[in-house]
Amino acid sequence: MNCINLEGNTISLLCHLRQKCIGASNADFPSEDPGMYQLDITLRRGQNLAARDRGGTSDPYVKFKLGGKEVFRSKTIHKNLNPVWEEKTSILIDNLREPIYIKVFDYDFGLQDDFIGSAFLDLTSLELNRQTDVTLSLKDPHYPDHDLGSILLSVLLAPREEQREATMLMRKSWKRSSKVTFSMWSSGIFITRTLMFYQICHAGLFQTQSLRLSDLHRKSQLWRGIVSVTLIEGRELKAMDANGLSDPYVKFRLGHQKYKSKIVPKTLNPQWREQFDFHLYEERGGIIDITVWDKDAGKKDDFIGRCQVDLSTLSKEQTHKLEMPLEEGEGYLVLLVTLTASAAVTISDLSVNSLEDPKEREEILKRYSPMRMFHNMKDVGFLQVKVIRAEALMAADVTGKSDPFCVVELNNDRLLTHTIYKNLNPEWNKIFTFNIKDIHSVLEVTVYDEDRDRSADFLGKVAIPLLSIQNGEQKAYVLKNKQLTGPTKGVIYLEIDVIFNAVKASIRTLMPKEQKYIEEENRLSKQLLLRNFIRMKRCVMVLINAAYYINSCFDWDSPPRSLAAFLLFLFVVWNFELYMIPLALLLLLAWNYFLIISGKDNRQHDTVVEDMLEDEEEEDDRDDKDSEKKGFMNKLYAIQEVCVSVQNVLDEVASFGERVKNTFNWTVPFLSWLAIVALCVFTIILYFIPLRYIVLVWGINKFTKKLRSPYAIDNNELLDFLSRVPSDVQVVCIFLRCPYSC
């Protein structure tokens, strides 16, 4: 293998030189423009920086950004408003029109670093090959009149030395092109033999790896059915804690698919009542591995027992109630398992297009017509995705190329294209079709670079809400990073069609949201914790401000306003009926809709959330480096788990308030119209039917629900509806670039 690699590198170098000579013989010699520059920066010092600490000082450090990416970060000078850094860095520049963005921060241990000021370094104003001293005044966009100090730099902009040397070498080679050409071709026999040996060895290795990868891709694409599992309860489990009880949870595994249940504290007879789906693959067999664990904070979880479900012994299209005894432990689990044959997803070439065939299109439209609103309630709609091509992708290999393939995901449905080798502008021309279970799902299209001996490299992704799709429109989507907070290199061209039944989609909105069986594990993030705290604080401040406003009416700070509020209070209280509550919410929705269609809506997303999303990745990287240096986070697992729990609670509380607000702000028009329909129905019901009868029906339904359906999964229709409404973070990450049209 070492021999192959050595000869491969030799052949690549010789072929590269040969292509250079042939290119030189067929084209003019390159011009003087080097195309690439090197910017040498010496960060000298800061002068009269703004104080951000209580003691009247700051702990400043400097960040340099180019194209939205951090390219340099200085050390921190503690307790100094006139810091001296004297640090040097070199930055490669390929576009002089793009300035260097310089940001100065005050370092705060354990908290968010305070912003001191920022400035831009204009590269077009610099002279080539001349050392220049630059003084930049720091500004804050929110407070442009404040004097925040300045920083002093020494900069030198010059053509990149390696490229100039390569240019001189090419000029010498041009003068002696005949000699070089003759020398190269005189070694043709050696090159040819070496190349043949390399190709034979490499072809065998490449073919084996390609077959393995193509087999992996094929297995990842096609499945024969869906396994629906409902975890009901556990009985007489083994006690693992000192109090004679356990905190049990269950892990399921089918191939690469995993699911983890919630934790039921302090019981030996837990009630889970959770439902989830697995995909059943022909090649991977049908064995579900189930393990039961006892949760222990701060140490390794205790093993309670295990069991297996052999799906090959179960008949399809039938629900099986299984009582599985636990091996290596005590007790047993109660499950409901249903196997359903699936033709929900397909892959084909552009030549096979269901929607372009008039007969098939008519069948699909008929399938989701209003007349069939109560037929197969889980089949909400039809999605067709044409993955056409991508352009200007990121180079992930040392050769300056990539081996891109595309992954298309809709909830738990996941399909892959084939790989286009050594190409930054691949054309896949593939059609993917999905059955839509939830119209509020988000289509995710991710581009990866295939690596033969390790995991694939991420190149970019896009997330597209189904309700924002314009049917039949070929559109270029800018690829984003993993967190969807900013763009990465390249665009992908997609054409998407969505056909769905609005009645089914509305009913499905009131049912539990499908849970992904593969999700990233929660981790502690200082930036995320702070962001969630700020979001919750904003929601609480809305309530506090409303309370202050109402209290000001009682204090008669503004007599006209207080008088109007007093008269309104008398009128509403004297004439109040329960139907007025949904009616008032209807009026709020109507008012916001009027503002939108009249062009008077001036909503702007909070810049704090957007700025924190932009810097979250780099701040987390810094936190990771700090944690490696200090090493104490790994020893305080229990504290970390508490912090993660608090972080998630903050996220849930903030998201709930934001979802309620976005329902009435027409962020998702489909959901706002659905809310109007529901509120109209409730208004009519509350107007014509006495409240006592409504409460009676509700109570009878609640008391008899478990008697009528013992294994029914409890849900709250209002919370299920709100789970479809995006929070402000989701609006910024996903919906901001794919806005809904009213």
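Since this is a predicted model, take the numbers as computed values, not measurements. (Residues numbered from 1 in each chain as written. Predicted model: local features only at pLDDT ≥ 70, side-chain atom pairs only at ≥ 80, totals over all residues. Heavy atoms only, no water.)

Thoughts on the overall build of the protein
Step number 1: Along its length, the protein carries 15 helices and 25 strands.
Step number 2: Pairs at least 24 apart in sequence give 68% of the contacts found in the protein among residues at least 6 apart.
Step number 3: Split by element, the accessible area of the protein, about 42,400 Å² in all, is 57% carbon and sulfur. (Helix = DSSP H or I, 4+ residues; strand = E, 2+ residues; numbered from the N terminus. Contact = heavy atoms within 4.5 Å. Areas by Shrake-Rupley, 256 points an atom, 1.4 Å probe, with all protein chains shown as cover.)

A look at the nonpolar core
In globular proteins that are soluble, nonpolar side chains generally tend to be buried together.
Step number 1: Membership of the largest hydrophobic core comes to 45 residues, with the highest contact counts inside it found for Leu-383, Val-387, Ile-492, Leu-494 and Ile-496.
Step number 2: The biggest single contributor to this core is helix H12 (residues 669–688), with six residues.
Step number 3: In this structure, Ile-496 is in contact with Leu-383, Gln-384, Val-385, Leu-443, Ile-464, Ile-469, Gln-470, Asn-471, Gly-472, Glu-473 and Tyr-477, ignoring residues within four places of it in sequence.
Step number 4: In this structure, Phe-64, Ile-100, Val-104 and Ile-151 belong to the second largest nonpolar core, which totals 30 residues. (Core = buried A, V, L, I, M, F, W, Y, C linked by side-chain atoms within 4.5 Å. Buried < 20%, exposed > 50% of the residue type's maximum accessible area, 1.4 Å probe, protein only.)

A closer look at the sheet that holds strand E10 (residues 248–254)
Two orientations exist for strands paired in a sheet by backbone hydrogen bonds: parallel and antiparallel.
Step number 1: Pairing is antiparallel across the open sheet formed by four strands, whose spatial order is E11-E10-E13-E14. The open sheet terminates on both sides in strands that have one partner only, identified here as strand E11 (257–260) and strand E14 (302–310). Each strand axis lies, on average, 15° off the axis of its neighbour in the sheet, ignoring direction.
Step number 2: As paired elements, E10 and E11 share four bridges and run antiparallel to each other. Looking at the pairing, Phe-252 lines up with Tyr-259 of E11. (Pairing = 2+ DSSP bridges. Axes fitted to C-alpha atoms, helices over the stretch in contact; angles between N-to-C directions.)

Concerning the sheet that holds strand E1 (residues 37–47)
Step number 1: Spatially, four strands are ordered E4-E1-E8-E7 in an open sheet, and the strand pairing comes out antiparallel. Edge positions in the open sheet fall to strand E4 (84–93) and strand E7 (132–137), since each of these has one partner strand only. Averaged over all neighbouring strand pairs, the angle between strand axes comes to 25°, with direction disregarded.
Step number 2: Bridge analysis of E7 against strand E8 (residues 150–159) gives six bridges, and the strand direction is antiparallel. Across the sheet, the residue bridging to Asp-133 is Ser-154, located in E8.

Regarding empty space enclosed by the protein
Rolled over the atoms, a probe as big as a water molecule pinpoints where empty space is left.
Step number 1: One pass over the structure, following the stated rule, counts one cavity of 30 Å³ or more.
Step number 2: Here the largest cavity defines a volume of roughly 40 Å³.
Step number 3: If you trace the largest cavity, you find it lined by Leu-410, Asn-411, Asn-412, Asp-413, Asn-435, Lys-437 and Glu-514.
Step number 4: Of the residues belonging to the lining of the largest cavity, the class tally is one nonpolar, three polar and three charged. (1 Å grid on protein atoms, 1.4 Å probe; cavity = no way out; pocket = protein on both sides within 12 Å on 5 of 7 lines; lining within 4 Å. Points joined across faces, edges and corners; volume = space filled by probe spheres on them. Nonpolar A, V, L, I, M, F, W, Y, C, P; charged D, E, K, R; others polar.)

Observations concerning the UniProt feature "transmembrane region" (unreviewed entry) in the protein
Step number 1: If you check UniProt for "transmembrane region" (unreviewed entry), the listed places come out as residues 563–594 and 670–698 in our numbering.
Step number 2: Within the segment residues 563–594, helix and strand shares are 88% and 0% respectively, and the terminal C-alpha atoms sit 27 Å apart.
Step number 3: Span residues 670–698 is 93% helix and 0% strand, its end C-alpha atoms 27 Å apart. (UniProt positions renumbered as here; feature names shortened; annotations may be inferred.)

Section: a negative patch on the surface
Step number 1: A cluster of acidic residues, Asp-357, Glu-360, Glu-362 and Glu-363, forms a negative patch on the protein surface.
Step number 2: Inspection of the secondary structure assignment puts Glu-360 in helix H5 (residues 358–367). (Patch = residues over 30% accessible without salt bridge, like charges linked within 9 Å, V, L, I, M, F, W, Y side chains within 5 Å. Salt bridge = Lys/Arg side-chain N within 4 Å of Asp/Glu carboxyl O. Lys, Arg positive; Asp, Glu negative; His and termini not counted. Charge placed at Lys NZ, Arg CZ, Asp CG, Glu CD.)

With respect to the pattern of salt bridges
Step number 1: Per the counting criterion, the structure on display carries 13 salt bridges.
Step number 2: In this structure, the salt-bridge partner of Arg-235 is Glu-323, at a minimum N-O distance of 3.8 Å. Of this pair, Arg-235 sits in strand E9 (residues 225–235) while Glu-323 sits in strand E15 (residues 319–325), placing them 88 residues apart in sequence.
Step number 3: The residue Lys-461 makes a salt bridge to Glu-444 at a minimum N-O spacing of 3.4 Å. Here Lys-461, found in strand E23 (residues 457–465), pairs with Glu-444, found in strand E22 (residues 442–449); they are 17 residues apart in sequence, far enough to count as distant.

Regarding the packing of helix H6 (residues 502–509) against H12
Step number 1: Contact geometry of H6 with H12 gives a least axis separation of 11 Å together with a crossing angle of 80°. The angle between H6 and H12 falls in the class roughly perpendicular. Between H6 and H12, the residues in contact are Ala-502, Ala-505, Ser-506 and Thr-509 and Phe-670, Leu-671 and Leu-674, respectively.
Step number 2: Taken together, the residues that form the contact of H6 with H12 break down as five nonpolar, two polar and no charged. (Parallel < 35°, antiparallel > 145°, perpendicular 65-115°, else oblique.)

A closer look at the packing of aromatic side chains
Step number 1: All told, the structure shown has 18 aromatic pairs when counted by the stated rule.
Step number 2: Taking 5.8 Å as the distance between ring centres and 25° as the angle between the ring planes, the aromatic pair formed by Phe-405 and Tyr-448 counts as stacked. Of this pair, Phe-405 sits in strand E19 (residues 404–410) while Tyr-448 sits in strand E22, placing them 43 residues apart in sequence.
Step number 3: Site record: aromatic cluster; members linked through ring pairs are Phe-252, Tyr-259, Phe-276 and Phe-278.
Step number 4: A cation sits over an aromatic face here: Lys-63 above Phe-105, 5.0 Å from the ring centre.
Step number 5: The ring centre of Tyr-249 lies 4.8 Å from the NZ or CZ of Lys-260, which sits over that ring. (Phe/Tyr/Trp six-rings, centres within 6.5 Å; stacked < 30°, edge-to-face > 60°. Lys NZ or Arg CZ within 6 Å of the ring centre and 35° of its normal.)

Observations concerning the environment of Trp-85
Step number 1: Its place among the elements puts Trp-85 in strand E4.
Step number 2: Looking at Trp-85, the relative accessible area reads 3%, which means it is buried.
Step number 3: Separated by 40 residues in the primary sequence, Trp-85 and Arg-45 have C-alpha atoms spaced 5.5 Å apart.
Step number 4: The contact partners of Trp-85, leaving out residues within four places of it in the chain, are Leu-43, Arg-44, Arg-45, Gly-46, Leu-49, Pro-60, Tyr-61, Val-62, Ser-74, Lys-75 and Ile-77.

Concerning the environment of Phe-276
Step number 1: If you trace the backbone, Phe-276 turns up in strand E12 (residues 271–280).
Step number 2: Overall, the relative accessible area of 3% leaves Phe-276 in the buried class.
Step number 3: For the pair Phe-276 and Val-227, spaced 49 residues apart in sequence, the C-alpha to C-alpha distance is 8.5 Å.
Step number 4: With near-sequence residues (within four places) excluded, Phe-276 lies in contact with Val-227, Ser-228, Val-229, Phe-252 and Tyr-259.

Notes on the pairing of E10
Step number 1: The element E10 is largely enclosed, with a buried count of five among its seven residues.
Step number 2: Once E10 ends, the chain turns through two residues before running back antiparallel as E11, passing Gly-255 with a positive phi of about 65°.

Focus: unusual backbone geometry
Step number 1: At Lys-422, a position not held by glycine, the phi torsion is positive, near 50°.
Step number 2: For Lys-422, the position within the fold is in the loop between strand E20 (413–416) and strand E21 (427–436).
Step number 3: Residue class for Lys-422 comes out exposed when judged on its relative accessible area of 53%.
Step number 4: Unlike most non-glycine residues, Asn-429 shows phi in positive territory, near 55°.
Step number 5: By secondary structure assignment, the location of Asn-429 is in strand E21.

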